[in-house]
Amino acid sequence: MTPNSIDPKLLRAIDRIGARKASRFEWEVVSDLPWSDLSPFLKPAGGLAHDAPDPDDPGERLAVWRCEDGAALLESAEIPAHRPHVKVGRDALVLHRLDVASLASVLSERLGFVAHRPKGAPPLLTIGFVQNAGKRQAEVALFLPVADPYANALALGRLDPQQRRIVWTPTARWKRCAPAGTEVRDLESAMASAGKDHLVNVLAEMQETREGERTGAAIIHVKPGDRWEDVKISLSLDTGLMRVRIGERKGGISLLDRSGNPTNAATILGRVLAEQPPHWSNSFFPKKKGTDYRKAFQRFASDLQAWIPINDGHPFREDLSTHEHYARFQCEPLIHPTRSRDHQDE
């Protein structure tokens, strides 16, 4: 690992150690990385460790016993000892913490934002900003776990979906703690997909989504000659975000209300995408709700034309014999919350 790259193992170690001080030995054990790969991202925090993780079982802790020669023995506190002692040098016990400024500098080059001196306090630090030409800035923040799990959950749970901020977590397991509609992404996934999370593009998507929510305006740039058959639409069930693609162009809009609940548009689009072939029928709902949903479908189709202003007729083709409406656009599978994200802690 060079100073301009970030190994996913380091991100997983940051996820476990977070903002606390830990010995050089602990950082090496938890990350399974050599010190040469860790040292660019850590800084001495003062003092020596009084215990350390078992290198063969990081969940177990070993007590530190100093030797006259300056070295130390890491020994099991159990009687009898659950493992032989480990001898380490004094340097291995020096406490270090994450150098957030160094990490932000590398991330800024990789993700395309302007880094500045970290501001705030863990678990949420502002590390920079991103800005489109002529547009307002959006903060770039880093979530750095602390020892108190309540403080971690509170910091993420209080994120405001309306605030112009992109929050990065070390791994994906924290994302489910944030409210729907917030822009929270994980570094481990971003590092595995180099170049796909350039923050200027993320900011553009955020602006399109917010503008579409406020005004009913277009959420994606449409060119002459575009047809509904060129449009690809997907829906994330956990965030309520409808994403739209036409070639390399992208846009999106939240289909959740201010309380974070699915709107009629989300229900209708979700049902359309779940059908094979993708279509809408008033018979999907009981007669008592059928009239309401028929009107809601008409509003949704009208909104779809405003969000994606293609001059190519209606986004649905009606089968006059059955009065069912078939999508002319391409439908991508519903995006379900992944099991790995829901069970990261297991």
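Our structure's up above, just so we're on the same page.
Since we're looking at a predicted model, the values are computed, not measured.

**Structural notes on the sheet that holds strand E17 (residues 316-319)**
Spatially, E16-E18-E17 is the arrangement adopted by the three strands of the open sheet, whose pairing is antiparallel. Here the strands that pair on one side only, and so sit at the sheet edges, are strand E16 (279-280) and E17. Taken together, the four bridges between E17 and strand E18 (residues 324-327) define a ladder with antiparallel strand orientation. Within E18, the residue paired with Phe316 across the bridge is Ala327.

**Describing the sheet that holds strand E9 (residues 124-130)**
Strand pairing in a sheet relies on backbone hydrogen bonds, with the paired strands running either antiparallel or parallel. Strand order in the open sheet formed by five strands is E8-E9-E10-E11-E12, with mixed pairing between adjacent strands. Looking at which strands have only one partner, the edges of the open sheet turn out to be strand E8 (114-121) and strand E12 (183-186). Across the sheet, the axes of successive neighbouring strands diverge by a mean angle of 25 degrees, strand direction being ignored. As defined by bridge partners, E9 adjoins strand E10 (residues 138-143) across six bridges and the pair is classed as antiparallel. By the bridge assignment, Leu124 is partnered in E10 with Phe143. Contacts between helix H4 (residues 100-111) and the sheet are confined to E8, E9, E10 and strand E11 (165-169), with E8 contributing the most and set at about 140 degrees to the helix.

Thresholds, definitions, all that
Residues numbered from 1 in each chain as written. Predicted model: local features only at pLDDT ≥ 70, side-chain atom pairs only at ≥ 80, totals over all residues. Heavy atoms only, no water. Pairing = 2+ DSSP bridges. Helix = DSSP H or I, 4+ residues; strand = E, 2+ residues; numbered from the N terminus. Axes fitted to C-alpha atoms, helices over the stretch in contact; angles between N-to-C directions. Contact = heavy atoms within 4.5 Å.

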